[in-house]
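Structure at a glance
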Amino acid sequence: MLLGGFLFACLLLVGGFFAGYHLVDIPPANAAATAQSNVYLYSDGTQIARDGSVNRENVRLKRIPSHVQHAVLAAEDRDFYSAAAVDPEAMLRAAWNTLTGKGTQGGSTITQQYVKNYYLGQERTITRKVKEFFIAIKLDREKTKNDIFEGYLNTSYYGRNAYGIQAAAHAYYDKDVEDLDVAEGAYLASLLNAPSAYDVATHPQNRPRAIARWVYVLDAMVKERWLTPRARAEAVFPTPLAARSTIGLSGQRGYVIQAVQDYLTNHGVLHRKDLARGGYRITTTLQKRKQDAFIQAVEDQVMARLDPTGNETDRFVRVGGVSLDPATGKVLAMYGGVDYTKQYVNNATRRDYQVGSTFKPFVLAAAVHHGSRTQGGERITPNTTYDGTNQRHVEGWTGPAYNPANEDDVSYGSIPVTTATDKSVNAVYAQLAVDVGPAKVEQTAINLGLPVDTPDLNPSPSIALGPATASVLDMAQAYATLANHGRHSAYSLVERVQRDGEDLELPGAETTQAVSREAADTTTAVLRGVIEGGTGTAAQAAGRPAAGKTGTAEDDKAAWFAGYTPNLATVVAVMGQDPKTGGQKPLYGALGLERMNGGGAPAEIWAQYTREALAGTAVRDFDLRIAEGMEPRPDPSDGSDGREERDGFDRRSPDTENAGPRHDRGGGALAGSTAPARQAPPAEPRVRSAPAAPSSEAPETAEAFEAPSQAPAPTDQKPWEAWESWEALQAPRGASRDPQDAP
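Predicted model only: the values in this text are computed from it and were never measured.

Looking now at the overall build of the protein. A count of helical and extended segments in the protein gives 22 helices and 14 strands. Buried residues in the protein amount to 56% of all 743 residues. Residue pairs in contact within the protein that sit at least 24 positions apart in sequence constitute 72% of those at least 6 positions apart. Working note: accessible area of the protein is about 30800 Å², and carbon and sulfur atoms make up 51% of it.

So this is what it looks like as structure tokens:
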């Protein structure tokens, strides 16, 4: 009878096993186990940020050093590669202890732990253990040991919110997993037993227990002949770094992530859903030293001088900046705003502020490139004389009459193009645009780097004054083309994208000759005069041969400086925006100045950044090829003897010497520079639009709201109108800005 009962029990167990095996299927992976973060890196491989709710970056087993693999096996399952997927004895022991109230216990094999992490959950119940048992057996038949081990290493929790061995390597030692040494690998392996308790940085009282576990792992490695006794004796306990708080998207990180994601999706590399899935390792073109230099320059020249409690206008100040390598189009630094968590629209990529007179060099480049002539038939060169009389009507324009005013209504009389560029004379450049042909000017700007769908880029005389609302990044592309002798390379922000060790294909670098070299180099020669004696003299503090142009939007709502050295093109814009309504605001009185000019804070940021970004590199001069008859000559009426006037801010003729207010901003020259003490630069002409192409005020945006959740529509707007302006800023190029397209 006993034998019959025993046989019945055996049959029951065998039947139960076969029933369970066939009834329990391998389920889909749980969402938490597959969730990963995207990792964003500087060009040198140092980390910028991670996004996503789970700190995990899956890595292939071949990336994990053998000594790290052996450390984990020594700690968790030394017979993994030779033993079965389950350990019935350990499971029975765990079940008995649970039933008798001695505490709940988990499975012991790596395969069972992987099943728990990847397919099931962390609850400790008999039901889960039964499922784990059958799934582990099936999994062991369907997957290789290497696949299971790789999955285990990528799903295990190591403490400090680090899931997977790669995230743990960064959390404890700030390095990639392949750079871990034996001692560090053994410590991370020891954490698997009790992640929080064995973190000696956060729980120093547990250091003896942690060291004991670490010693246990190393000794097991020696026993299994995975480590030599000599290497074991030389091992020193690797105290981990202090735990760091999660930095999230604060500072510039959020702006960089936003710009990188836009780049990848707009170029068809990835879809938004792909990025949301996570697991991508994205190496950007940004260089950490230059990025830090840009942040510091903005802090020193603007942020440190704001007084938002005592000066209301200082509350409106926003800054955006981009720096490119002219030869490659690579973005080397980007400044999006003071902090992404406070001002969440990227000031470097938004397209809603007028570029002002920074557009004028495109008119000159178009004139030289096309061999344009004046209304009198004279070939246009930098020395061609134009009438700079205030509110002079342009000639040869078939549209409505247009007579733009110069800044402060100053009349300059007869002046060459060089002087008109130095002093940014609207009357001259409006006529120059007509002589070239506004449509040719528009196309030249597009060829240089401005998007075809740039708002308010219209073929009329006013195009020369810059009513177009290109982004800082767009303008940096165009100026980089001038610096690169007219060769245009589309900007790139990403060097490499990997997922699971595989590289994704990125857009190829394509270079086109946007304008002739002679046209670009002639423009550069003229723009050098802007810095040497025009409205951009503050840029001399960079201590490098440079060319550039200032610009100011209508009503002082934005001020720009766009400039370049032979090997670095950088554009800076200071913008005015109400932090509550999102509306654009004039910057009269900001930083304690009556006016905000491109030759002020923007040029000062540019100079400090350029000086620091190029520190330690050889000084390069421009290699210019200028066609015969195009060499800029000094303007006799300007009082110049032909020598470069680097020691003064103004090179004005006597009749305009006192035009417009000048304000001392206080403080001396930048440290280490030979530039004069900081003063307000010469006033920059504001945009005046032609009737045929009126400049509409850029739409008010939601950017300046203190947080995305605090972005209600203004009470005098329909809800869809408020959201349209926000979507317009975020939409990729070519997307509609028509409110009727809003839902």
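Of all five residues making up strand 2 (residues 47–51), four are buried, and the element is well covered by its neighbours. Pairing of strand 1 (residues 38–41) with strand 2 involves four bridges; the strand directions are antiparallel. Bridged to L41 within strand 2 is Q47. The loop that links strand 1 with its antiparallel partner strand 2 comprises five residues; one of these, G45, has a positive phi angle of about 95 degrees.

Here the focus is the pairing of strand 4 (residues 317–324). For a regular strand, the rule is simple: side chains alternate between the two faces of the sheet. With eight of eight residues buried, strand 4 is to be regarded as a mostly interior element. Burial along strand 4 is two-sided: V317, V319, G321 and S323 and R318, G320, V322 and L324, pointing in opposite directions, are all buried. The sheet contact formed by strand 4 and strand 14 (residues 568–576) spans eight bridges and is antiparallel. Following the sheet pairing, S323 is matched in strand 14 by T570. Bridge count for strand 4 against strand 5 (residues 331–335) is four bridges, and the pairing is antiparallel. Residue pairing for strand 5: V322 is matched across the bridge by M334. Hairpin geometry of strand 4 and strand 5 is characterised by an intervening segment of six residues between the two adjacent antiparallel strands and by a positive phi of about 80 degrees at G329.

The next subject is the side chain of R392. Tracing the backbone shows R392 in the loop between strand 6 (385–387) and strand 7 (414–416). Excluding its chain neighbours within four sequence positions, the residues that come into contact with R392 are D387, Y402, N403, P404 and Q431.

Ordered by their spatial adjacency, five strands build an open sheet running 2-1-3-9-10, and the pairing between neighbours is mixed. A strand with exactly one partner marks an edge of an open sheet, and here the two such strands are strand 2 and strand 10 (502–503). Strand contacts of helix 12 (residues 253–266): strand 1, strand 2, strand 3 (280–284) and strand 9 (494–499), with the helix running at about 75 degrees to strand 2, the strand carrying the most contacts.

Let's shift gears to the pattern of salt bridges. Within the structure shown, the criterion is met by 28 salt bridges. Salt-bridge contacts for D521 lead to R517; the nearest nitrogen and oxygen are separated by 3.0 Å. Pair noted here: D521 and R517 are both in helix 20 (residues 517–533), with a separation of four residues, about one helical turn. The pair formed by D521 and R517 is uniform in burial state, with each residue classed as buried. One salt bridge in this structure joins D621 and R528, with 3.3 Å as the shortest N-O distance.

A positive phi angle is found at R225, which is not glycine, with a value near 65 degrees. Mapped onto the fold, R225 is located in the loop between helix 10 (207–223) and helix 11 (229–234). A relative accessible area of 79% means that R225 is categorised as exposed. Of note, the phi angle at L591 is positive, near 60 degrees, even though the residue is not glycine.

All right, on to the packing of helix 14 (residues 288–301) against helix 21 (residues 601–613) then. For the pair helix 14 and helix 21, interaxial distance at closest approach is 8 Å and the crossing angle is 145 degrees. When the axes of helix 14 and helix 21 are compared, the crossing they make is right-handed. Judged by residue contacts, R289, K290, A293, F294, Q296, A297, V298, D300 and Q301 of helix 14 engage E604, I605, Q608, Y609, E612 and A613 from helix 21. Split by residue class, the contact of helix 14 with helix 21 holds seven nonpolar, three polar and five charged.

The next thing to look at is the environment of L591. The topology assignment puts L591 in the loop between strand 14 and helix 21. Taking relative accessible area as the criterion, L591 reaches 12% and is therefore assigned buried.

This paragraph deals with the sheet that holds strand 12 (residues 547–552). Strands sit in the order 5-4-14-13-12 across an open sheet of five strands; the sheet is antiparallel. In the strand order of this sheet, the two ends are held by strand 5 and strand 12, each with one partner. With strand direction ignored, the average angle separating the axes of adjacent strands in the sheet is 5 degrees. Running at roughly 65 degrees to strand 12, helix 20 makes contact with strand 12 and strand 13 (558–565) of the sheet. Of the strands in this sheet, strand 4, strand 5, strand 13 and strand 14 touch helix 21, which is tilted by about 145 degrees from strand 14.

Turning our attention to the nonpolar core. In this structure, L264, F359 and F362 are the most contacted members of the largest nonpolar core, which totals 92 residues. For this core, the element with the highest residue contribution is helix 19 (residues 472–483), accounting for nine residues. Ignoring any residue separated from it by four or fewer positions in sequence, one finds L264 in contact with V269, L270, L275, I282, V494, V497 and L506. Judged by nonpolar contacts, the second largest core, of 49 residues, contains V177, Y198, L218 and A220.

We now examine the packing of helix 17 (residues 426–436) against helix 18 (residues 438–448). Two elements in contact, helix 17 and helix 18, have axes separated by 5 Å at closest approach and are oriented at 95 degrees. Looking at the two axes, helix 17 sits roughly perpendicular to helix 18. Across from A433, V434 and V436 in helix 17, the residues of helix 18 making contact are P438, K440 and V441. Residues belonging to the contact of helix 17 with helix 18 are distributed by class as follows: five nonpolar, no polar and one charged.

On to the packing of aromatic side chains. Inspection of every chain in the model, using the stated rule, returns 17 aromatic pairs. Aromatic ring contacts, followed pair by pair, group Y172, Y173, Y187, W214 and F237 into a single cluster. The lysine or arginine in question, K145, covers the ring of F80, its NZ or CZ lying 4.7 Å from the ring centre. The lysine or arginine in question, R499, covers the ring of Y280, its NZ or CZ lying 5.2 Å from the ring centre.

Conventions we followed
- Residues numbered from 1 in each chain as written.
- Predicted model: local features only at pLDDT ≥ 70, side-chain atom pairs only at ≥ 80, totals over all residues.
- Heavy atoms only, no water.
- Helix = DSSP H or I, 4+ residues; strand = E, 2+ residues; numbered from the N terminus.
- Buried < 20%, exposed > 50% of the residue type's maximum accessible area, 1.4 Å probe, protein only.
- Contact = heavy atoms within 4.5 Å.
- Areas by Shrake-Rupley, 256 points an atom, 1.4 Å probe, with all protein chains shown as cover.
- Pairing = 2+ DSSP bridges.
- Axes fitted to C-alpha atoms, helices over the stretch in contact; angles between N-to-C directions.
- Salt bridge = Lys/Arg side-chain N within 4 Å of Asp/Glu carboxyl O.
- Left-handed = near helix turned anticlockwise from the far one by under 90°.
- Nonpolar A, V, L, I, M, F, W, Y, C, P; charged D, E, K, R; others polar.
- Core = buried A, V, L, I, M, F, W, Y, C linked by side-chain atoms within 4.5 Å.
- Parallel < 35°, antiparallel > 145°, perpendicular 65-115°, else oblique.
- Phe/Tyr/Trp six-rings, centres within 6.5 Å; stacked < 30°, edge-to-face > 60°.
- Lys NZ or Arg CZ within 6 Å of the ring centre and 35° of its normal.

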